[in-house]
Amino acid sequence: MLTVRQPWAWAIAAGYKTIENRTWTTSHCGELGIHAGIRWDDDREDAVRFVRDTARALGHTLPHTMKDAWPLTSSGYVLAVVDLVGICDVSLHRPDISCGCGPWAIPGQAHWRLESPRVLDKPLAAKGQLQLWELDFTLEGQQFTAAEIIDTIHHALQNKEIHAIEGLLKLLAVRDPAAAQDVMDTLHLGIVLGRLNDTAKGITS
Ligand SMILES: [Zn+2]
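Residues numbered from 1 in each chain as written. Predicted model: local features only at pLDDT ≥ 70, side-chain atom pairs only at ≥ 80, totals over all residues. Heavy atoms only, no water.

Student: How should the UniProt feature "domain: ASCH" (unreviewed entry) in the chain be read in this particular structure?
Tutor: Mapped onto this numbering, the UniProt entry gives "domain: ASCH" (unreviewed entry) at residues 2–89. Along residues 2–89 the backbone is 23% helical and 36% strand, and the end-to-end C-alpha distance reaches 18 Å. (UniProt positions renumbered as here; feature names shortened; annotations may be inferred. Helix = DSSP H or I, 4+ residues; strand = E, 2+ residues; numbered from the N terminus.)

Okay, here's the thing in C-alpha cells:
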C-alpha cells in the first residue's frame, strides 16, 4: 500500500493522475494499493484546482462536485489498486533535465508510473503509514483509536468536508458507539445554533 493525501489519491484512483511524485524510490513493481491519507493536502483548494485543470487538459470528464466523486474523495481508506510499472528517477538526480513524464510530474522528484487503476467495490478503512506498507485485512477499521477518529472529524468540519464525516462517524460507531453518539449530538447542536445565528442575523439586518 502507498498512502497518498487527498485529492491526489482520488486523482490516481479515478485514472486521471498516472504519475506519483516521491522523494524516494522502491524496488517494488506491480500491484500497489492506493490508500487515501486521513489528512488532505495542506493546500487543499490549490490541489483540487490543479487536479481538475490538469485532468481536463488531458481530456478527462470530471464530476461536477467533489461530492459526486465520492467515495474516491474519502479519507482514511484504501480506494483502489494500480500497477506500478516503473519509476523515472532522472529528475530526482537532475531536476534541470526535462524527463518527459508529463504534467503530473514534479521536477526534482522520482516519478512513479501508475497504470490500470481498479477501484475497490468497498473502500477499506485503514490507517496510513510512511513508505510502502502491508494491509492487514483482519484489522480493517480497527486501527484507529476513537480519539484519532474524533480528531479527524473536527479536522473535516474545519475544512467543511461534510461528505467525509458520514464515513468517519460510521467508523467511530464501530469503535466507540457512545463517543459517536456524543459527536452526533454535538453536530446536531452546532446545526441548530447555526440556524439560530442565521435567524438572529436576519432579524438584526
Ligand atoms: Zn520523469
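Picking up after the structure, the text goes on.
Student: Mind showing me how you'd approach the coordination of the zinc ion here?
Tutor: Four donors placed tetrahedrally around a metal ideally meet at 109.5 degrees, and six donors placed octahedrally ideally meet at 90 or 180 degrees. Those donors, Cys 88 (SG), Cys 99 (SG), Cys 101 (SG) and His 111 (ND1), are the protein atoms that reach the zinc ion, and they lie 2.1 to 2.3 Å from it. Angles of 99 to 122 degrees at the metal separate the four donor atoms of the zinc ion, which places the site in the tetrahedral class. Sequence positions of the residues that donate to the zinc ion give the spacing C-x10-C-x1-C-x9-H. Taken together, the residues span a long stretch of sequence, with Cys 101 in the loop between helix H3 (90–93) and strand E5 (110–125) and His 111 in strand E5 at a distance of 10 residues. His 111 shares its class with Cys 101; the two are buried. (Donors = N, O, S within 2.8 Å, 3.2 Å for Na, K, Ca; no water. Tetrahedral: all angles 85-135°; square planar, octahedral: opposite > 155°, others 65-115°. Buried < 20%, exposed > 50% of the residue type's maximum accessible area, 1.4 Å probe, protein only.)

Student: I tried to follow the sheet that holds strand E4 (residues 77–88) on my own but got confused; where do I start?
Tutor: The strands making up a sheet associate through hydrogen bonds between their backbones, and the pairing can be parallel or antiparallel. Sheet architecture is open: five strands sit in the order E1-E3-E4-E5-E2, paired in mixed fashion. The open sheet has two free edges, formed respectively by strand E1 (2–6) and strand E2 (19–22), since each of these has just one partner strand. For this sheet the average axis-to-axis angle between neighbouring strands, irrespective of direction, equals 45 degrees. By the bridge criterion, four bridges tie E2 to E5 in an arrangement that is antiparallel. Paired with Asn 21 across the bridge in E5 is His 111. (Pairing = 2+ DSSP bridges. Axes fitted to C-alpha atoms, helices over the stretch in contact; angles between N-to-C directions.)

Student: Honestly, the domain arrangement of the chain in this entry has me stumped. Any pointers?
Tutor: Often the size quoted for an interface is simply the accessible area lost on bringing the parts together. Looking at the chain, the domain boundaries give domain 1 (1–143) and domain 2 (144–205). Here the C-alpha centre of domain 2 lies 28 Å away from the C-alpha centre of domain 1. Counting from both sides, the interface comprises 16 residues of domain 1 and, opposite them, 14 residues of domain 2. Around 1500 Å² of area is buried between domain 1 and domain 2 when both sides are counted, 57% of it from carbon and sulfur atoms. Inspection of the domain 1/domain 2 interface yields two salt bridges. Ionic pairing is found between Asp 151 and Arg 39, a salt bridge with its closest N-O pair at 2.8 Å. (Domains from an automatic or database assignment. Contact = heavy atoms within 4.5 Å. Buried area = accessible area lost by both parts, 1.4 Å probe. Salt bridge = Lys/Arg side-chain N within 4 Å of Asp/Glu carboxyl O.)

Student: Looking at this structure, I do not really get the nonpolar core. What am I missing?
Tutor: The tendency in soluble globular proteins is for nonpolar side chains to be buried as a group. Trp 10, Tyr 16, Leu 79, Trp 112, Ile 153 and Leu 172 are the most contacted members of the largest nonpolar core, which has 49 residues in total. Two domains each donate at least three residues to this core, and these are domain 1 (1–143) and domain 2 (144–205). With six residues, the next largest nonpolar core counts Met 1, Ala 126, Trp 133 and Leu 135 among its residues. (Core = buried A, V, L, I, M, F, W, Y, C linked by side-chain atoms within 4.5 Å.)

Student: Where do I start with the packing of aromatic side chains in this structure?
Tutor: Two aromatic rings are characterised by how far apart their centres lie and by the angle between their planes. Under the criterion given, the structure shown has four aromatic pairs. Summarising the aromatic geometry, the rings of Phe 50 and Trp 104 are spaced 5.9 Å apart at their centres and angled 75 degrees between planes, so their arrangement reads as edge-to-face. Taken as a pair, Phe 50 in helix H2 (residues 44–57) and Trp 104 in the loop between H3 and E5 lie far apart in primary sequence, 54 residues in all. Residue classification places Trp 104 among the buried positions, given a relative accessible area of 3%. One aromatic cluster in this structure is built from Trp 8, Phe 50 and Trp 104. Stacked on the ring of Trp 40, the Lys or Arg Arg 44 has its end atom at 4.1 Å from the ring centre. (Phe/Tyr/Trp six-rings, centres within 6.5 Å; stacked < 30°, edge-to-face > 60°. Lys NZ or Arg CZ within 6 Å of the ring centre and 35° of its normal.)

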